[in-house]
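Chain by chain, the residues:
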Amino acid sequence: MKNVFNSFIIGMLLFSCNSPVKTFEIESGDYDRSNLPLNIKTTYKLDAGKSYYLQNIDNGNMFPVQVMAEDSLLVMVDELSAGSSFTYELIQGTVSESPFPKVSIQEDQEGVQFRVNESPVLFYQTATAYPGDSLPDYYKRSGFIHPLHSPKGEILTDDFPVGHVHQHAIFNAWTNTTYKGEKVDFWNQQEELGTVEHVEILEKNEGPLVSTLKSKLNHISRADGPVLEEEWVITVYPVSDYFMFDLFSEQTNISQDTLFINDYHYGGMAFRGSREWNDVDSLHYTNQWKILTSEGRTLEDANHTKAKWVDATGEINGNPTGLTVFGYPDNFRYPQSMRVHPDMPYWVFSPMVEGAFYIAPGEKHISKHRFFVHDGIPDQNILEKIQNDLENPVTVKEL
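Residues numbered from 1 in each chain as written. Predicted model: local features only at pLDDT ≥ 70, side-chain atom pairs only at ≥ 80, totals over all residues. Heavy atoms only, no water.

Draft legend 1. Examining the packing of aromatic side chains more closely. Across all of its chains, the model carries 18 aromatic pairs by this definition. Between Y242 and F372 the ring centres are 4.9 Å apart and the planes differ by 80°, which places this aromatic pair in the edge-to-face class. Placement of Y242 in the loop between strand 17 (225-236) and strand 18 (243-253) and of F372 in strand 27 (residues 364-375) is noted, with a sequence separation of 130 residues between them. Judged by its relative accessible area of 1%, F372 falls in the buried class. In this arrangement the basic side chain of K368 is found over the ring face of F248, its NZ or CZ atom lying 5.3 Å from the centre. (Phe/Tyr/Trp six-rings, centres within 6.5 Å; stacked < 30°, edge-to-face > 60°. Helix = DSSP H or I, 4+ residues; strand = E, 2+ residues; numbered from the N terminus. Buried < 20%, exposed > 50% of the residue type's maximum accessible area, 1.4 Å probe, protein only. Lys NZ or Arg CZ within 6 Å of the ring centre and 35° of its normal.)

Draft legend 2. Structural detail: the pattern of salt bridges. Under the definition given, this model contains 17 salt bridges. A salt bridge links R33 to D389, with the shortest nitrogen-to-oxygen separation between them at 2.9 Å. Separated by 356 residues along the polypeptide, R33 in strand 3 (residues 33-41) and D389 in helix 1 (residues 380-391) bring together distant segments of the chain. Just as R33 is buried, D389 falls in that class too. It is possible to trace a salt-bridge network through shared partners that takes in K180, D224 and D257. (Salt bridge = Lys/Arg side-chain N within 4 Å of Asp/Glu carboxyl O.)

Draft legend 3. Just the pairing of strand 21 (residues 290-293), in detail. Residues of strand 21 alternate between two faces, with I291 and T293 buried on one and K290 and L292 left unburied on the opposite face. With four bridges connecting them, strand 21 and strand 22 (residues 309-316) associate as antiparallel partners. What sits directly across from I291, in strand 22, is A312. (Pairing = 2+ DSSP bridges.)

Draft legend 4. Up close: the sheet that holds strand 15 (residues 194-206). If you trace the eight strands from one edge of the open sheet to the other, you get 15-16-17-18-27-23-22-21, paired in antiparallel fashion. Looking at which strands have only one partner, the edges of the open sheet turn out to be strand 15 and strand 21. Direction aside, the axes of adjacent strands within the sheet are offset by 20° on average. (Axes fitted to C-alpha atoms, helices over the stretch in contact; angles between N-to-C directions.)

Written out as structure tokens, the structure is:
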């Protein structure tokens, strides 16, 4: 039976003689775990200005934790075999050495760059980006992720792509909506009915395990102003063989009128793939991407089917690389339907494919996704582990 963080030994830590402040039991359940971010709630009031670690009461092994809030801490489960259970004490102290890579954040006038060690992972665009080639300014956009890199440094996303200038790498927008009795399209900027803009960075935190960014965006009706206020929380995890991050979205209707999201064939959290996969981009196109979903669907039959995850893989600079995006089980209408375009390299989780819904004044629409960025073809074992982690989470008990 393998222990959580069996690589940790007492000699790797500098620790105080403080008494334990809490004790937890961690049970793996029926699945092997690895590289698992584990959020633990506690009744103990944590101090964000202090460091803590967990210690196995049976063998003395220790590993670091990161305070996320006064009642919440995060640990990375290195390895935990199916059917195992261990008890840990939470103790104040400092880890002198960690087996995990450093996740850092650098902010400049254009946006926020995340890195794992020295390798770029993703860039969140805060400044307004403008299209090139004298295209109209109504395509300008902020509040999206581009570029997204693979571990080997290939760029998986495209912004202002040839043929669909209004698409922006990793972005979130509703398409066919009704507001105050009129159509508002936040996706197709060329219609000049709506758009999405970054407003401000709310929080930025570079921690001992993960780095996070919280930002505010507005979904704007050109006729009536902001309708939805959205918060993004991006969390990049300390994994280097592949990249893994979460993107949580919380949209609040800040207006006095209901926003109706109509029955339609696309709209929502989207991914626009590499320009090398865009066959109308004659300067850069080299190959067609491949699609695979959790239900075994491919590019030929994935459109408007439901999936727990979707992977897009293709060659970039001759190297196979790709991205798998998982929906969280508590997402609206999980597993969600997808729009997978048959020719252009974009797909989008689109819950309105199953029928219209609405966001009333003051109400929220929440969506959560985990991103797995890989070189080569996706490792099926990793896909299964991530899916199991989301659907069948580790059990943590505070004793």
